[in-house]
Number of protein chains: 2
Amino acid sequence: MNEPVLARLHQLMTLREQVETLGTGGPWIPAADWTDEDTHLVLHLDVPGVAADTLELLEEGPTVTVAGERSAPGRLLGGDRPSGAFRRSLTFPQDVLPQTGEAQLAHGILTVRFQKRHPTIDVDAEHLDAGGDPGGHDAP
Amino acid sequence: MNEPVLARLHQLMTLREQVETLGTGGPWIPAADWTDEDTHLVLHLDVPGVAADTLELLEEGPTVTVAGERSAPGRLLGGDRPSGAFRRSLTFPQDVLPQTGEAQLAHGILTVRFQKRHPTIDVDAEHLDAGGDPGGHDAP
């Protein structure tokens, strides 16, 4: 190869090293989303290949921590999939009732539904603060 | 240029895409691994929540392209999960026999097994180039 191509390759290799240490050198951090389902807050976590019996869920005040692991594939020739253990702590975007989380694992996605402290009752996402409200049957 | 260099360049192009879309929430590029299973090369792709009927697989010479999609979750409050369509092209790390790919989707991981042109016959991963080798029963 000629020199400009080699120089370019070298630049790119350096870049690759930088990026690899950026993303894959560190721990595995699965992508997560929060969605609103009126009476519930739902956490979605991408955990392909993670066995249900390795998953742990810990609620602590305003945060929930999810941990789990998956084994590395066999004789690896190359790639960029993370493996091993992960642990991710997330802050609830709205108040939830403690210990109401119900987890489900399907198609590589962990879904955890938490009961909201203040259910959303209309499309404008108003919150109920009155404990004695006749519509607030879900509140304790 | 020879094949290893082409493969390397291809990796780097993919990397460039990833770097360019790092901060922008750009296209979804699922993580992928290649593993060696003696007579087969295996591609592993993390595609949690992707329905099998949206997946497409296209072999073109030294590359295989995988495409698919998943819908965004409901009312999103925040998060970092990619959604929508993805398309990723990968270069075979070793020669495979054309159109031998067999795909399987489980636990959010797409696994595609390709028959190698030159099966690995020992732990040192030596390659057979002789067509008449007594150990190479899988070669055509």
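Scroll up to find the structure this text is about.
First, a word on what this report is: a plain description of the structure on this page. (Residues numbered from 1 in each chain as written. Chains lettered and ligands numbered in written order. Predicted model: local features only at pLDDT ≥ 70, side-chain atom pairs only at ≥ 80, totals over all residues. Heavy atoms only, no water.)

Considering the packing of aromatic side chains
Residues and elements named next belong to chain A.
Here is step 1 of the chain: Per the counting criterion, the structure on display carries eight aromatic pairs over all chains.
Here is step 2 of the chain: With 6.1 Å between their ring centres and 45° between their planes, Trp34 and Phe114 make a pair best called tilted. A residue pair is termed long-range when its members are at least 10 positions apart, and Trp34 in strand E1 (residues 32-37) and Phe114 in strand E8 (residues 109-115) qualify at 80 residues. Here the two residues Trp34 and Phe114 agree in accessibility, since each one is buried. (Phe/Tyr/Trp six-rings, centres within 6.5 Å; stacked < 30°, edge-to-face > 60°. Helix = DSSP H or I, 4+ residues; strand = E, 2+ residues; numbered from the N terminus. Buried < 20%, exposed > 50% of the residue type's maximum accessible area, 1.4 Å probe, protein only.)

Thoughts on the nonpolar core
As a rule of thumb, nonpolar side chains are buried together in soluble globular proteins.
Here is step 1 of the chain: Core analysis: the largest hydrophobic core is formed by 18 residues, its most contacted members being Trp34(B), Leu43(B), Leu45(B), Phe86(B) and Phe114(B).
Here is step 2 of the chain: When contributions to this core are tallied by element, the ones reaching two or more residues are strand E1 (32-37), strand E2 (40-46), strand E4 (63-70), strand E6 (84-91) and strand E8 (109-115) of chain B.
Here is step 3 of the chain: If you look at the next biggest cluster of nonpolar residues, it comprises 17 residues, including Trp28(A), Leu45(A), Phe92(A) and Val112(A). (Core = buried A, V, L, I, M, F, W, Y, C linked by side-chain atoms within 4.5 Å.)

Description of the pattern of salt bridges
Here is step 1 of the chain: Evaluation of the coordinates by the stated rule reveals 16 salt bridges over all chains.
Here is step 2 of the chain: Of the charged contacts, one joins Arg113(A) and Glu37(A) as a salt bridge, the two residues approaching to 2.3 Å between their closest N and O atoms. Of this pair, Arg113(A) sits in strand E8 while Glu37(A) is found in strand E1, placing the two residues 76 residues apart along the sequence.
Here is step 3 of the chain: The exposure class assigned to Arg113(A) is partly exposed, which follows from its relative accessible area of 31%.
Here is step 4 of the chain: Residue Glu37(A) is classed as partly exposed on the basis of its relative accessible area of 34%.
Here is step 5 of the chain: Between Arg81(B) and Asp46(A) there is a salt bridge, with the nearest N and O atoms lying 2.8 Å from each other. Within this pair, whereas Arg81(B) is found in the loop between strand E5 (75-79) and E6, its partner Asp46(A) is found in strand E2 (residues 40-46), the two belonging to separate chains.
Here is step 6 of the chain: With relative accessibility at 11%, the residue Arg81(B) sits in the buried group. (Salt bridge = Lys/Arg side-chain N within 4 Å of Asp/Glu carboxyl O.)

Things to note about the interface of chain A and chain B
Accessible area lost upon the coming together of the parts serves often as the stated size of an interface.
Here is step 1 of the chain: Listed as interface residues are 38 residues of chain A and, on the opposing side, 40 residues of chain B.
Here is step 2 of the chain: Buried surface at the junction of chain A and chain B, summed over both partners, amounts to about 3,300 Å²; 59% is from carbon and sulfur atoms.
Here is step 3 of the chain: Of all residues in chain A, the largest losses of buried area upon contact with chain B belong to Arg75(A), Leu77(A) and Arg81(A), amounting jointly to 21% of the total for that side.
Here is step 4 of the chain: Connecting chain A to chain B are twelve salt bridges.
Here is step 5 of the chain: As a salt-bridge pair, Arg88(A) and Asp80(B) come within 3.0 Å of each other at their nearest N and O atoms.
Here is step 6 of the chain: Taken together, chain A and chain B are joined by 22 residue pairs in polar contact (both at pLDDT 80 or more).
Here is step 7 of the chain: Counting residues per element, the ones that place at least two in the side of chain A that touches chain B are helix H1 (3-23), E1, E2 and strand E5 (75-79) of chain A.
Here is step 8 of the chain: For the side of chain A that touches chain B, a count of residues per class yields 18 nonpolar, nine polar and eleven charged.
Here is step 9 of the chain: As paired elements, E1(A) and E5(B) share four bridges and run antiparallel to each other. (Contact = heavy atoms within 4.5 Å. Buried area = accessible area lost by both parts, 1.4 Å probe. Polar contact = N/O pair within 3.5 Å; in protein donor to acceptor, adjacent residues only side chain to side chain. Nonpolar A, V, L, I, M, F, W, Y, C, P; charged D, E, K, R; others polar. Pairing = 2+ DSSP bridges.)

With respect to the sheet that holds E2(B)
Here is step 1 of the chain: Spatial strand order, E5(A)-E1(B)-E2(B)-E8(B)-E7(B): five strands in an open sheet with antiparallel pairing. A single partner strand is all that each edge strand has here, and the edge strands are E5 of chain A together with strand E7 (102-106) of chain B. Averaged over all adjacent pairs, the angle separating strand axes in this sheet is 25°, with direction ignored.
Here is step 2 of the chain: One ladder, built from six bridges, connects E1(B) with E2(B); its direction is antiparallel. (Axes fitted to C-alpha atoms, helices over the stretch in contact; angles between N-to-C directions.)

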